[in-house]
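Chain by chain, the residues run as shown.
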Amino acid sequence: MTKLSSGLMYAAMVGLMLLAVATVVDVGGRKLVDGFSVRGIYELSSLLMAVIVAMSVAPAFLQRRNLTLDLFLPRMGDARVLGLFAAVLEMIFLSLVAWQIYLRGVDAVEFHETTSLLEVPVAPFWYVTSFALVFATLALAWQTLRSLGALLEAPRRQVLRAVVSFSLIVLIAGLLIWQVASGDLGPGWRATAAFVTLYLLLLGGQPIGIGLGLSGFVFLLVDIGSRQAFAVVGNEAIKAFSSTSLSAIPLFMLMGAFAVRAGMARDIFSAASALTAGLRGGLPVASILGCAAFGAISGSSIATTATFGKVAFGEMKARGYDTALATGSLAAGGTLGALIPPSVVLIIYCVLVEVSILDAFMAALIPGLLAAALYVVAIMISIRLRPELSPAPSGFDTRMFLRALLAAWRPILLFTLVLSGLYGGVFTTQEAAAVGAVLALVFALFSPEFTLRGFWNSLAEAAVNSAAIYVVVAGANMFAAYLTMTDITTTVLTVVDLNTTPYWLILLCIVIMYLILGSVFDTMAAVLVTAPFIIPLITAMGYDLIWWGIVMLSLVEIGMITPPIGMNVFVMQSVIAREVPLSTIFRGTVPFLMADVVQLLLLILFPIISLWLPGVL
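Residues numbered from 1 in each chain as written. Predicted model: local features only at pLDDT ≥ 70, side-chain atom pairs only at ≥ 80, totals over all residues. Heavy atoms only, no water.

**Student:** Help me out: how do you make sense of the packing of aromatic side chains in this one?
**Tutor:** Pairs of aromatic rings are described using the distance from one ring centre to the other and the angle between the two planes. According to the stated counting rule, one finds 22 aromatic pairs in the structure shown. Aromatic side chains Phe450 and Phe455 sit 6.4 Å apart centroid to centroid with 55 degrees between the ring planes, which places their arrangement in the tilted category. For Phe450, a relative accessible area of 27% puts it in the partly exposed group. On the basis of relative accessible area, Phe455 is assigned to the buried category, the value being 16%. (Phe/Tyr/Trp six-rings, centres within 6.5 Å; stacked < 30°, edge-to-face > 60°. Buried < 20%, exposed > 50% of the residue type's maximum accessible area, 1.4 Å probe, protein only.)

This is the structure in structure tokens:
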């Protein structure tokens, strides 16, 4: 099962790369030859993406890559028992989605549905997608059965606690569902029942996507009937799996993975450190600049922190930099990866709230550069107040800088081509992702560090992470469909009276909430579980949703270096093999947290910082 699922995944990712190559040919041909195009690529790409995602689902579930909230799991009993319950719900969800997509294929056959340009039958794509999800279900069932023996070795008290915890969650959720089914609850209470059920499932260790999808389906089932509820599940799953907007996510992930394999992080850091060699505190500053540049390639905070933590910490330690400053600068610099475009979380936010991804990328650029600049200022002030934090500078060497800059031509070209193409109107977001992935692959293939194992690992890494994200978005769509029925906007505005409550007070409460959530939740989790009730408030107050997306992302990223559970801090500690205590790393992030507060105030008080560039371009 594992080998077959891996084979499907690799086939899917090779297919994705071929699709990316075809997109690059189409883009290049349009610019070079008038009237040129790769015939039918865009009408086939959405269907192919559904197949590619479905073929990558099995490894994501088998490797337990689904996004979860692990905060309370240790107190709820044995993790293996909770994992068993999660696997059962995952199989139910996958079976439900597979069945509805299969029926979509049956309908396509009945109505002789074809693509508009090439007139290719649509049904085979939906059949392959559904069969891939059925295989994922069977593989997960087989793995679950094989793991049952391990439960016999678990402490009985922990097993009993897990069973009781999950039973209580099911009991409370059942009572809420019964109340909704009885028709005794108004729209506001129906939405509240759905939220409580969702959060109970998530706190019980269920994956976020599965919790969202099953909660939405069950409440749709009791509210509008089985036929309509099944139809909603099928439509929302198909919309997510075949989304051309979301197709940029696996391509950007491939771009980042290939960039790491090609050794671009080392090249970026070498160029940045040569540039800052004449400054006291040059290497921490170089780390911030390097994280900002690499963030524009990887699109992920955690990936940026992990990559640069390996590259830069040893160098700073050898030069005699203060440990707290070194680790703090890397943990904080990593947060730039989710803000500076292209950002995976920002793509998901834009899809959920239905705003332009390209406009959001434009809006994020200046705030991202502002954050990097404020981090550099924080380092300069810290060293000015405490000179012992940094050794004396070695001095700027023009020849060494030019040599390092020349050596970093690959990430410079990749960064320039992708962002200039995006902002200059040459590429759409999906085309930019395809161009970046193909170019990064070419660089990796001709890199001295290239190995076949590393290539396949890059494909696997992008596949399982992308599949997990698609499942989350599909589940979020299903949950949002139920909330739309309950008129969530009216419900939220009934609780928060905008006529009597000052807007600044509402914003302050939301800011505090996100700072807390960011310290304990993954960025994507914090965005997904709060968007349904926060977005109606932001819209009702008349604020721009793109501006709010940048502010929200900044808030959650601040939380990633905030005690007690700043995720980037834990990533940083794991990268350096727990060589430095957590308390030391948290102490090193304090100057950067102060810089974040300044940046946040500027973004909220002066929205033009985010909205000026999209308006100009």
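**Student:** What am I meant to see in the packing of helix α10 (residues 264–275) against helix α11 (residues 282–298) here?
**Tutor:** Think of two packed helices as two axes; the pair is described by the angle between the axes and how far apart they sit. Axis separation between α10 and α11 bottoms out at 8 Å; the angle between their running directions is 140 degrees. Between α10 and α11, the crossing angle belongs to the class labelled oblique. In this structure, α10 crosses over α11, and the sense of that crossing is right-handed. Contacts between α10 and α11 involve Met264, Ala265, Ile268, Phe269, Ala272, Ser273 and Leu275 from the former and Leu283, Ala286, Ser287, Leu289, Gly290, Ala293, Phe294 and Ile297 from the latter. Here the residues of the contact of α10 with α11 sort into 12 nonpolar, three polar and no charged. (Axes fitted to C-alpha atoms, helices over the stretch in contact; angles between N-to-C directions. Helix = DSSP H or I, 4+ residues; strand = E, 2+ residues; numbered from the N terminus. Parallel < 35°, antiparallel > 145°, perpendicular 65-115°, else oblique. Left-handed = near helix turned anticlockwise from the far one by under 90°. Contact = heavy atoms within 4.5 Å. Nonpolar A, V, L, I, M, F, W, Y, C, P; charged D, E, K, R; others polar.)

**Student:** Got a minute to help me understand a nonpolar patch on the surface in this structure?
**Tutor:** On the surface, Val597, Leu601, Leu605, Phe606, Ile608, Trp612, Val616 and Leu617 cluster together into a nonpolar patch covering about 820 Å² of accessible area. Residue assignment for the nonpolar patch shows that the elements contributing at least two residues are α25 (582–605) and α26 (608–616). Here Leu605 lies in helix α25. (Patch = residues over 30% accessible without salt bridge, like charges linked within 9 Å, V, L, I, M, F, W, Y side chains within 5 Å. Areas by Shrake-Rupley, 256 points an atom, 1.4 Å probe, with all protein chains shown as cover. Salt bridge = Lys/Arg side-chain N within 4 Å of Asp/Glu carboxyl O.)

**Student:** Hey, could you run me through the side chain of Thr129 in this one?
**Tutor:** The residue Thr129 is located in helix α4 (residues 123–151) in this model. The exposure class of Thr129 is buried, given its relative accessible area of 0%. Setting aside residues up to four positions removed in sequence, Thr129 forms contacts with Ala50, Val51, Ala54, Ile101 and Phe241.

**Student:** Whenever I open this one, the pattern of salt bridges confuses me. Can you help?
**Tutor:** A side chain with one charge may pair with a side chain of the opposite charge, provided their charged atoms come close. The tally for this structure, following the rule as stated, stands at eight salt bridges. The salt bridge involving Arg64 is made with Glu90; its shortest N-O contact spans 3.0 Å. Of this pair, Arg64 sits in the loop between α2 (41–62) and α3 (79–110) while Glu90 is found in helix α3, placing the two residues 26 residues apart along the sequence. On the basis of relative accessible area, Arg64 is assigned to the partly exposed category, the value being 38%. Judged by relative accessible area, which is 0%, Glu90 ranks as buried. Each of Arg266, Asp267 and Arg410 takes part in a single network of salt bridges with overlapping partners.

**Student:** For this particular structure, what's the right way to read empty space enclosed by the protein?
**Tutor:** One water molecule sets the probe size; rolling that probe over the atoms shows where empty space is left. In this structure the tally under the stated criterion is two cavities of 30 Å³ or more. Taken as a whole, the largest cavity holds about 80 Å³ of empty space. Around the largest cavity, the lining residues are Thr335, Leu336, Leu339, Ala371, Tyr375, Leu553, Ser554, Glu557, Ile558, Asp596 and Gln599. Per element, the largest residue contribution to the lining of the largest cavity is four residues, and it comes from helix α23 (residues 545–559). In terms of residue class, the lining of the largest cavity is made up of six nonpolar, three polar and two charged. Taken as a whole, the second largest cavity encloses approximately 50 Å³ of empty space. Contributing to the lining of the second largest cavity are Met13, Leu16, Ile52, Val53, Ser56, Pro250, Ala463, Ser466, Ala467 and Tyr470. Taken together, the elements giving at least two residues each to the lining of the second largest cavity come down to α1 (2–32), α2 and α19 (452–485). If you tally residues by element for the lining of the second largest cavity, the top one is α19, at four residues. Within the lining of the second largest cavity, the residues separate by chemical class into eight nonpolar, two polar and no charged. (1 Å grid on protein atoms, 1.4 Å probe; cavity = no way out; pocket = protein on both sides within 12 Å on 5 of 7 lines; lining within 4 Å. Points joined across faces, edges and corners; volume = space filled by probe spheres on them.)

**Student:** Sorry, what's going on with the nonpolar core here?
**Tutor:** Side chains that are nonpolar tend, in soluble globular proteins, to be buried together. In this structure, Leu133, Leu254, Phe258, Tyr349, Leu414 and Trp548 are the most contacted members of the largest nonpolar core, which totals 212 residues. Among the elements that make up this core, the one with the highest residue count is α19 (18 residues). Residues contacting Phe258, with those up to four places away along its chain left out, are Met17, Ala437, Ala440, Leu441, Ala444, Phe455, Ser458 and Leu459. Grouped together as the second largest cluster of nonpolar side chains are five residues, Ala271, Ala274, Phe401 and Ala408 included. (Core = buried A, V, L, I, M, F, W, Y, C linked by side-chain atoms within 4.5 Å.)

**Student:** Please explain unusual backbone geometry as it appears in this structure.
**Tutor:** Phi is mostly negative for residues that are not glycine, and the peptide bonds are mostly trans. Following Pro341, the chain continues to Pro342 via a peptide bond in cis, the omega torsion being 0 degrees. Checked against the element boundaries, Pro342 lands in the loop between α13 (323–334) and α14 (344–353). With phi around 50 degrees, His112 is a residue other than glycine that occupies positive phi space. Despite not being glycine, Glu354 shows a phi value in the positive range, around 60 degrees. Note that Glu354 resides in the loop between α14 and α15 (357–385). You can call Glu354 exposed: its relative accessible area is 70%.

**Student:** Any chance you could explain the layout of surface pockets here in plain terms?
**Tutor:** What the second largest pocket holds in volume is close to 620 Å³. The wall of the second largest pocket is formed by 27 residues, among which Leu352, Val353, Glu354, Ala480 and Thr484 lie closest to the centre. Those elements that provide at least two residues to the lining of the second largest pocket are α8 (226–241), α14, α19, α20 (488–495) and α22 (523–540). Residue contributions to the lining of the second largest pocket peak at eight residues, all from α19.

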